[in-house]
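Topology and contacts: notes
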Amino acid sequence: GVLVVDNARASRHAMIALLRRHNFITFAAQNAEQGIDILRSHSNIKLVIIDENISSMPGIQLVSELRKSYSEEDLGIIGILSDTSSGLSARFIKSGATDYLHKPYCHEEFFCRIMQNIERLENIETIRRVANSDYLTGLPNRRHFFTRVSAVQKVTPKSQSLGIIDIDHFKNINDTYGHDCGDYALKELAKLVAEYFEDHTAARFGGEEFCVYFSNTAPEETMQIMQDFRLAIANKVLTFEKQRISCTVSIGLTHNSKGGINAMIRLADEHLYKAKNSGRNQVISD
């Protein structure tokens, strides 16, 4: 989505027409307040085009206001300038704009600026995804897990639970069928992790271990979800190169959030150790 903020109707409509010609989802505002309201209401807007002369607030000031809520990694801003002096374009950039255009501009230059900013945002998103994802399973990685949990805990959830899931006898799968089969099993189990814990924060912690954080979910509900997941794994048959493979998981679960996330991980790990020593394929909780 692209938002155009310009109080001159002809100029605003001309930019909207050019953007629609290239299949962008477009939004238009004639003043700063309207532009801010539209941006807050539509999360798909990734680029804002702001004319320097808009009513109620100078374009440069609007750029500064937007940067209080939207980083350059999340929102591109292009300033449209009538003044050809370098001073105004520099002020736009200093205020947080990622690019600028001088009027009058040709259509080709307009689209070059648009596409450069879109490609920049897409590249940032790709880097984020790679940095935050586990390379094998595609699940969030350990680093992203802690970032997500930290953000949730800032709003003080009513209840918190954390579970650690470990595949039973995973070394036997690697030793018997090879590491390619082990990787296949991890990816298949990761699909179930993504499915069962879609509304929660799940990640691959490394090796054959996964971690799930629950917020604002009753302890008995988290226990039921974990039991359902354990049974789903136990009943799933994997087929790798005509070999039929079954596996189970052991799970340690805690609802005690005292001491923060690291303390919760230690408690869940202790329960996981008990589950392993008590015959595996079970959930041990507080």
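As a reminder, the structure under discussion sits directly above these lines.
Report on the accompanying structure. The model shown is predicted, which means the values in this text are computed figures rather than measured ones. (Residues numbered from 1 in each chain as written. Predicted model: local features only at pLDDT ≥ 70, side-chain atom pairs only at ≥ 80, totals over all residues. Heavy atoms only, no water.)

**Regarding the pattern of salt bridges**
When the charged atoms of two side chains with opposite charge come close together, those side chains can pair. Just so we agree on the cut-off: Here a salt bridge means any side-chain nitrogen of Lys or Arg lying within 4 Å of a carboxyl oxygen belonging to Asp or Glu. The helix and strand labels rest on DSSP assignments: H or I over at least four residues marks a helix, E over at least two residues marks a strand, and numbering proceeds from the N terminus. Each residue gets one of three labels from its accessible area relative to the maximum for its type: buried under 20%, exposed over 50%, partly exposed in between, using a 1.4 Å probe on protein chains only.
Inspection of every chain in the model, using the stated rule, returns 11 salt bridges. Where D99 meets R113, a salt bridge forms, and the shortest distance between an N and an O atom there is 3.0 Å. With D99 in strand 5 (residues 99–102) and R113 in helix 5 (residues 107–132), the pair connects residues that are 14 residues apart, well separated along the chain. According to the relative accessible area criterion, D99 is buried, its value standing at 10%. Notably, a salt bridge pairs K276 with D166, separated by 2.6 Å at the nearest N-O pair.

**A short note on the packing of helix 1 (residues 9–21) against helix 5**
Heads up, the condition is: The convention used is that axes are lines fitted to C-alpha atoms, helices contributing only their stretch in contact, and that angles between N-to-C directions extend from 0 to 180 degrees. Put simply, angles under 35 degrees are roughly parallel, angles over 145 are roughly antiparallel, angles from 65 to 115 are roughly perpendicular, and the rest are oblique. By convention the crossing between two helices is left-handed if the near helix lies anticlockwise of the far one by an angle smaller than a right angle, and right-handed if it lies clockwise. The contact criterion used is simple: two residues touch if any of their non-hydrogen atoms lie within 4.5 Å. The classification used treats Ala, Val, Leu, Ile, Met, Phe, Trp, Tyr, Cys and Pro as nonpolar, Asp, Glu, Lys and Arg as charged, and all other residues, Gly among them, as polar.
Taken N-terminus to C-terminus, the directions of helix 1 and helix 5 make an angle of 65°; their axes are 11 Å apart at the nearest point. Taken together, helix 1 and helix 5 sit at an angle that is classed as roughly perpendicular. Helix-helix and strand crossings are classified by hand; for helix 1 and helix 5 the assignment is right-handed. Only H107, F110, F111 and I114 of helix 5 make contact with helix 1, whose side of the interface consists of M15, L18, L19 and R21. In terms of residue class, the contact of helix 1 with helix 5 is built from six nonpolar, one polar and one charged.

**Focus on the packing of aromatic side chains**
Note the cut-off: Centre distance within 6.5 Å is the pairing criterion for rings of Phe, Tyr and Trp, where only the six-membered ring of Trp is used; planes under 30 degrees apart are then read as stacked, over 60 as edge-to-face, and the remainder as tilted.
As enumerated under the stated definition, the model contains nine aromatic pairs in all. Measuring from centroid to centroid gives 5.2 Å for F145 and F205, while their planes differ by 90°, and the two rings are edge-to-face. Of this pair, F145 sits in helix 6 (residues 142–153) while F205 sits in strand 7 (residues 201–206); the two residues are 60 residues apart in sequence, bridging distant segments of the chain. Exposure class is identical for F145 and F205. Each is buried. Judged by centre distance (5.1 Å) and plane angle (50°), the ring pair of F197 and F229 falls under tilted. One end of the pair, F197, is in the loop between helix 8 (179–196) and strand 7; the other, F229, is in helix 9 (residues 219–234), with 32 residues separating them in the sequence.

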